[in-house]
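Architecture at a glance
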Amino acid sequence: MKATEWRKELGGLVQDAMRSPELEHYFKVKITKPGAQVLITQLGLFIHHRRDCWSHVSGNCPHMSVKQKILQHEYGEVIKDNYTEHGHMELIVRQGKALGLSPEQVLNVEPLPSTMATLYAWAWMTREKSWLEGLASLTITEWANDDRLLKEVGGGLSSRMAKRWMDDLGFGWEQMPNFKVHSQADEEHSDMFLEDLEKFATGEKEAQVYRAAKESMELLKLFRGGIAREMERLA
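One structure accompanies this document, and this report is about it. Owing to the predicted nature of the structure, the values given are computational and were not obtained by experimental measurement.

**Section: the overall build of the chain**
Across its full length, the chain holds 12 helices and 0 strands. Relative to its length of 235 residues, the chain is compact, with a C-alpha radius of gyration of 17 Å against a globular reference of 18 Å. Each principal axis of the C-alpha distribution contributes one length, and for the chain these read about 50 × 35 × 30 Å. Within the chain, the fraction of its 235 residues that count as buried is 54%. Pairs at least 24 apart in sequence give 79% of the contacts found in the chain among residues at least 6 apart.

Structural data, given as structure tokens:
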């Protein structure tokens, strides 16, 4: 497929996931301070774990041009980018502080069972499957923050949840730096690897990559669904 075709196919998977019962429920749960603490700390685990997963993909990939893109992607996530001078985990810590959490409480949290299971699954996909399948499984989850793609359902994950925090907690954007940055940065990340899918995901690899992306969106629904159940329990 051409890059434009990959954009359409993967975009369709993301749109379907965002309309799923699991994510519809995720956005309907009332946000309380304890529930918001659960959300931001579980997202911290997710973001930290992503660094391992991208390393797996880079290690499995034989193409220097793709490795360079992954390093560029990870430099922004870990070191600094146009949105933060300290990497994206610092955004989680700052948003946790707005909820009354110390850095230690944000960074040293136990995963929910659903978080543990899905992080193990993503680790396996990115380590044991082909680099193309691993790449697809990671990049598509960033598409779920792309407001351009998801405007018909009210925006991406970060924008929609930010609106809930505004409504239920009275927060402003300055208190939600993680949501603010990822509603913007992941639009850039959505476009980052389309040319590589066009170039390398050919023949039988095309179906394998599509399947990996679809499986990853199922994991995303499980991950967010587990958070929703815990937020609901604490509401």
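So that's the structure; there's more coming.
**Let's talk about the packing of aromatic side chains**
Taken as a whole, this structure holds 8 aromatic pairs when the rule is applied. A ring pair is formed by Y26 and F27, whose centres lie 5.0 Å apart and whose planes are at 70°; its orientation type is edge-to-face. Owing to a relative accessible area of 0%, Y26 belongs among the buried residues under this scheme. Between the aromatic rings of F46 and F223, the centroid separation amounts to 5.2 Å while the plane-to-plane angle is 25°, which identifies the pairing as stacked. One end of the pair, F46, is in helix α3 (residues 33–60); the other, F223, is in helix α12 (residues 204–234), with 177 residues separating them in the sequence. Comparing F46 with F223, the two get one shared label, buried. These aromatic residues form a ring-pair network of at least three members: F46, W122 and F223. For the cation-ring pair, R50 lies above W122, with the distance from its terminal atom to the ring centre recorded as 4.3 Å. Of note, R160 hangs over the ring of F27, and the distance from its end group to the ring centre comes to 3.9 Å.

**Focus: the packing of helix α7 (residues 113–128) against helix α8 (residues 131–143)**
The interhelical angle for the contact between α7 and α8, taken along N-to-C directions, is 135°, at an axis separation of 7 Å. The angle between α7 and α8 places the two elements in the oblique class. Along its contact with α7, which presents W122, M125 and T126, the element α8 presents G134, S137, L138 and T141. Grouping the amino acids of the contact of α7 with α8 by side-chain chemistry returns 3 nonpolar, 4 polar and no charged.

**Brief notes about the environment of M89**
Among the structural elements, M89 can be located in helix α5 (residues 89–98). Between the C-alpha atoms of M89 and Y75, which are 14 residues apart in sequence, the distance is 12 Å. Excluding residues within four positions of it along the chain, M89 makes contact with G44, I47, H48, E77 and L107.

**Describing the nonpolar core**
Membership of the largest hydrophobic core comes to 68 residues, with the highest contact counts inside it found for Y26, L39, W122 and W165. No other element matches the 11 residues that α3 contributes to this core. Every residue in contact with W165, bar those within four places of it in the chain, is listed here: I31, A36, L39, I40, Q95, L99, G170, F171, M176 and F179.

**Observations regarding the pattern of salt bridges**
A full pass over the atoms with the stated rule returns 14 salt bridges. Ionic pairing is found between K69 and D196, a salt bridge with its closest N-O pair at 2.9 Å. Of this pair, K69 sits in helix α4 (residues 64–78) while D196 is found in helix α11 (residues 194–200), placing the two residues 127 residues apart along the sequence. For E218, the salt bridge identified is with K221, shortest N-O distance 3.1 Å. Linking E218 with K221, this pair stays in helix α12, spanning 3 residues, or about one helical turn. On the accessibility criterion, E218 (38% relative accessible area) is partly exposed. Assessed through its relative accessible area of 12%, K221 is described here as buried. Residues joined by salt bridges that share partners form a network here, namely R7, D146, R148 and D191.

Analysis parameters
Residues numbered from 1 in each chain as written. Predicted model: local features only at pLDDT ≥ 70, side-chain atom pairs only at ≥ 80, totals over all residues. Heavy atoms only, no water. Helix = DSSP H or I, 4+ residues; strand = E, 2+ residues; numbered from the N terminus. Rg over C-alpha atoms; globule rule 2.2 N^0.38 Å. Buried < 20%, exposed > 50% of the residue type's maximum accessible area, 1.4 Å probe, protein only. Contact = heavy atoms within 4.5 Å. Phe/Tyr/Trp six-rings, centres within 6.5 Å; stacked < 30°, edge-to-face > 60°. Lys NZ or Arg CZ within 6 Å of the ring centre and 35° of its normal. Axes fitted to C-alpha atoms, helices over the stretch in contact; angles between N-to-C directions. Parallel < 35°, antiparallel > 145°, perpendicular 65-115°, else oblique. Nonpolar A, V, L, I, M, F, W, Y, C, P; charged D, E, K, R; others polar. Core = buried A, V, L, I, M, F, W, Y, C linked by side-chain atoms within 4.5 Å. Salt bridge = Lys/Arg side-chain N within 4 Å of Asp/Glu carboxyl O.

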